[in-house]
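Coordinates in review
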Amino acid sequence: MMTDEQQNQQRLFAEFSPASGSEWEQKARKDLRDTPLEQLTWHTYEGIDVKPYYIRQDITNLPFTQQQPGNFPFLRGRKTGNNSWLNVQRIKAVGKGHDAVEKATDALKRGADGIHFVIEDVDLFDLSYLVREVNLKNYPTSYTLQEKPDIFLKQLYDKLKAQQASHRNLKGFLNYDPMTGKGALTKEENKAVASLLDLTKDSSAFCGITVCGTNFSSIGASVVQEVAYTLSAAVAYADRLTTAGEQLESVLRNMQFYMASGTNYFFEIVKLRAIRLLWATIVEAYQAEPELAAWLRIHSTTSSWYETTLDPYVNMLRATTEAMAAAIAGCDSLSVAPFDNTFRPSDEFSERIARNVSVILKEEAYLDKAIDPAAGSYYLESLTNELAQKAWALFKEVEAKGGFEKAYASGFILSSITEVSRRKFKNVATGKDVLVGTNKYPNPNEQLDFDPEELIQSSSFNTTRAAYPTEVMRMATELHLRKRQRRPRAVVAIIGDATQRQVQTTFAQEFFSCAGFETEVQQYESAATAADRLTHAAAEVVVVSASEGAYVKEFAPKLRHHEGKPTIILAEDPQDLKEEMITHGYDEFLFEDCDVNALLKLVHKRLTQEERGNNN
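What you see is a predicted model, and the numbers here were worked out from it, not measured in a lab.

1. Some words on the pattern of salt bridges
In the structure shown here, the tally under the stated rule is 33 salt bridges. Between Arg29 and Glu38 there is a salt bridge, with the nearest N and O atoms lying 2.9 Å from each other. What makes Arg29 partly exposed here is its relative accessible area of 34%. Where Asp368 meets Lys369, a salt bridge forms, and the shortest distance between an N and an O atom there is 3.9 Å. For Asp368, a relative accessible area of 11% translates into the label buried. Overlapping salt bridges bring together Arg76, Arg273, Asp372 and Glu381 as one network.

Below, the structure is given as structure tokens:
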């Protein structure tokens, strides 16, 4: 009879012989036939090329693969018993905040482990009511403030003292981070941050120094940039505080990173692992006790960058996968945003759904049972190494420029993020990056239960999201619908062989459907037939998809006498023939990688002019 040790050493599926990397490659090339294997490599915004498969040899020489949870450099986190995290509900507090406090007490009865108040006005917020209604000793309670954080905290301590409660028992964090928000601290802000450290250094479960990586991810930064710039800002805080006379140990014990978890699932898992690994390297560089790296606390929240206003229920799915990634990566606490928060104050239903995501991931998916379940994955261990190396190189580049504040002031940090975000916006606009319900698979029956014009003009409407440009165009279409009592119509006219034009036709049809147009595809044998049929058709846009160049040149001139004067678009890249095609009567061109936002602006400009003409 085999011992337990012998059973553990016995290879699973021993009847199958192991396959080498070359054998996998040979099999893949055979199955792909005419498609080169190299085309399956994914080129990411981070500059990391993800291979189609990974093997044992990819992690053989990685130094951290044998490290255990709870051990330096804490890549797998400091947890050793289980992978539990705090389910923290984020609540906006307006005025005295009584409604927010009452909502918090209800949430704590319905599955929330803690509360994160986003306080609009610290002078108005009623701390006495908070202390009276919420047991701050038992429930982690956190605060995001824009000003006077030290005064706020002193007043909170006074209220606790009046109830004979100790501030040392507080749990949670205070989020006040002008460094990542604007790249520098004023003299007053520097003094306030130092005061926060003094006030919280005796509260082992309450973090006073929060560094917000969300200020980078929310404007489209790559994961590498998010990691590198967050670490650089943390170093800037540490340098400022120690220069002001604070003890390095106090700084490291009170440090928290506030990170967003996006939809790039595997990258988001390895992001937190890479942050912990690199933070340990920084602690070593400070010649501090290595164990102090374990004190780093990570609060995760679902990403605002990927939230959509259109077909908002899809946000539930996005938030779930984002939360899964953060939980698997070992975050200490997690907030899930309600699916409808981009366009209205969230209600009890959407808040309950958001709160229950964490509950389900624990109680039904058991993600709190296994610490770092990504351990041993050839892909994820390799990706952790690559991401850490890229982020460390960028971190050192920032340090070489004089550190975070100087790099920010020179424009380096924001310009580098802008370069990536522009590519992301372009890829969303062209459909390369998919936002379901927004730029692909739109809900044709969706009814917007808000005023589009009022929302667009609202100061609270988040304009930095990936979906924003597409949403603005869709809402312009919605306004046309409400004024004219019908949707604008786009006809995709296929002239000639339809099979040759399938890709262009599908792209055009989906593009205008996502823009909110009533879209129809019509097949014609010749340009003359198409022009005759479409001359009196009720259409604001006509897209021409022709299999022969002769049809292209013939069609537009024949449609110039259309009584509605539609915008005529050629579903083709004209390349060097753009001026000639415009001469032939085409207004714009629709193809992969074209500037679709500029195209839609032209279409909506025409619609606006038409409405004004009808009103006159």
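2. Details of the layout of surface pockets
Its boundaries defined by the atoms lining it, the second largest pocket holds a volume of some 630 Å³. Among the secondary structure elements, those contributing two or more residues to the lining of the second largest pocket are strand E1 (42-43), helix H9 (223-243), strand E9 (255-261), helix H11 (265-285), helix H12 (314-329) and helix H16 (412-430). When the residues that make up the lining of the second largest pocket are grouped by side-chain class, the tally is 13 nonpolar, 10 polar and 8 charged.

3. Some details on the sheet that holds strand E15 (residues 567-570)
Sheet architecture is open: 5 strands sit in the order E13-E12-E14-E15-E16, paired in parallel fashion. For this open sheet the edge positions go to strand E13 (518-524) and strand E16 (588-589), each flanked by a neighbour on one side alone. Bridging between strand E14 (residues 541-546) and E15 involves 4 bridges; their strand directions are parallel. In the sheet register, Val542 faces E15, and the bridge partner there is Ile568. Lying on the sheet, helix H20 (residues 527-534) is in contact with strand E12 (489-495), E13 and E14; it crosses E13 at an angle near 140 degrees.

4. Notes on the nonpolar core
Judged by nonpolar contacts, the single largest core of 118 residues is most densely connected at Phe117, Tyr143, Tyr229, Phe257 and Trp279. If you tally residues by element for this core, the top one is H9, at 13 residues. In this structure, Phe461, Val492, Ala515 and Cys594 belong to the second largest nonpolar core, which totals 29 residues.

5. Re empty space enclosed by the protein
According to the stated counting rule, one finds 5 cavities of 30 Å³ or more in the structure shown. Of the volumes computed, that of the largest cavity is approximately 100 Å³. Lining the largest cavity are Phe74, Gly77, Arg78, Lys79, Arg276, Ala293, Ala294, Leu296, Ile298, Gly330 and Asp332. Split by residue class, the lining of the largest cavity holds 5 nonpolar, 2 polar and 4 charged. Of the voids in this model, the second largest cavity is the one considered here, and its volume is about 70 Å³. In this structure, the second largest cavity is lined by Thr302, Ser303, Tyr306, Glu307, Asn315, Arg318, Ala319, Glu322, Ala337, Pro338 and Phe339. For the lining of the second largest cavity, the element with the highest residue contribution is H12, accounting for 4 residues.

6. Details of the packing of H11 against H12
At their nearest, the axes of H11 and H12 sit 8 Å apart, and the two run at 30 degrees to each other. Note on packing geometry: the crossing formed by H11 with H12 is right-handed. Residues Tyr265, Glu268, Ile269, Leu272 and Arg276 of H11 pack against Thr321, Met324, Ala325, Ala326, Ile328 and Ala329 of H12. When the residues that make up the contact of H11 with H12 are grouped by side-chain class, the tally is 8 nonpolar, 1 polar and 2 charged.

What counts and how
Residues numbered from 1 in each chain as written. Predicted model: local features only at pLDDT ≥ 70, side-chain atom pairs only at ≥ 80, totals over all residues. Heavy atoms only, no water. Salt bridge = Lys/Arg side-chain N within 4 Å of Asp/Glu carboxyl O. Buried < 20%, exposed > 50% of the residue type's maximum accessible area, 1.4 Å probe, protein only. 1 Å grid on protein atoms, 1.4 Å probe; cavity = no way out; pocket = protein on both sides within 12 Å on 5 of 7 lines; lining within 4 Å. Points joined across faces, edges and corners; volume = space filled by probe spheres on them. Helix = DSSP H or I, 4+ residues; strand = E, 2+ residues; numbered from the N terminus. Nonpolar A, V, L, I, M, F, W, Y, C, P; charged D, E, K, R; others polar. Pairing = 2+ DSSP bridges. Contact = heavy atoms within 4.5 Å. Axes fitted to C-alpha atoms, helices over the stretch in contact; angles between N-to-C directions. Core = buried A, V, L, I, M, F, W, Y, C linked by side-chain atoms within 4.5 Å. Left-handed = near helix turned anticlockwise from the far one by under 90°.

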